[in-house]
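What follows is each chain in one-letter form.
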Amino acid sequence: MVHVDVLTVHGKMAEKGYTITSLSEALGISRGTLSTYLEVPSKFPYSVVSRLAEMLCDNADEATHIFFATDLRETKAKE
């Protein structure tokens with residue numbers, strides 16, 4: 001299940017030298033779309049999450065921690 005830790009994404013963006021504009025250009029999406037995804041992380045499509053993980057994360061464990069729910073007991077099913 002995709003679960004984006006937005007605060008950590010912002011930190012990784014800064015660490016890697018990305019702004020919202022530069023990251024959106026690298027992802028091939030508009031700045032507004034990326035801003036929306038960051039404001040409402042449930043809207044992130046898997047394809048964008050996958051590319052973000054490749055661009056921002058140093059290893060698979062870090063990507064899992066940032067982009068995927070590891071404790072599903074804390075998540076609610078969509079109604």
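Residues numbered from 1 in each chain as written. Predicted model: local features only at pLDDT ≥ 70, side-chain atom pairs only at ≥ 80, totals over all residues. Heavy atoms only, no water.

Caption draft 1: Region of the structure containing the side chain of S24. Mapped onto the secondary structure, S24 falls in helix 2 (residues 20-27). Given a relative accessible area of 2%, S24 falls into the buried group. Beyond its immediate sequence surroundings of up to four residues, S24 is in contact with I29, S30, R31 and L34. (Helix = DSSP H or I, 4+ residues; strand = E, 2+ residues; numbered from the N terminus. Buried < 20%, exposed > 50% of the residue type's maximum accessible area, 1.4 Å probe, protein only. Contact = heavy atoms within 4.5 Å.)

Caption draft 2: Just the nonpolar core, in detail. Ranked by internal contacts, the top residues of the largest apolar core, which has 20 residues, are V9, F44, L52 and F67. Secondary structure elements with two or more residues in this core: helix 1 (6-16), helix 2, helix 3 (31-39), helix 4 (46-56) and helix 5 (60-67). No other element matches helix 4, which puts five residues into this core. Ignoring sequence-local partners within four residues, the contact set of V9 consists of V4, L38, L56, I66 and F67. (Core = buried A, V, L, I, M, F, W, Y, C linked by side-chain atoms within 4.5 Å.)

Caption draft 3: Broad picture of the packing of helix 4 against helix 5. It is the contact of helix 4 with helix 5, at a shortest axis distance of 10 Å, that shows an interaxial angle of 135°. Our classification of the angle between helix 4 and helix 5 gives oblique. Where helix 4 crosses over helix 5, the two elements pack in a sense that is right-handed. In contact with V49, L52, A53 and L56 of helix 4, helix 5 contributes E62, A63 and F67. (Axes fitted to C-alpha atoms, helices over the stretch in contact; angles between N-to-C directions. Parallel < 35°, antiparallel > 145°, perpendicular 65-115°, else oblique. Left-handed = near helix turned anticlockwise from the far one by under 90°.)

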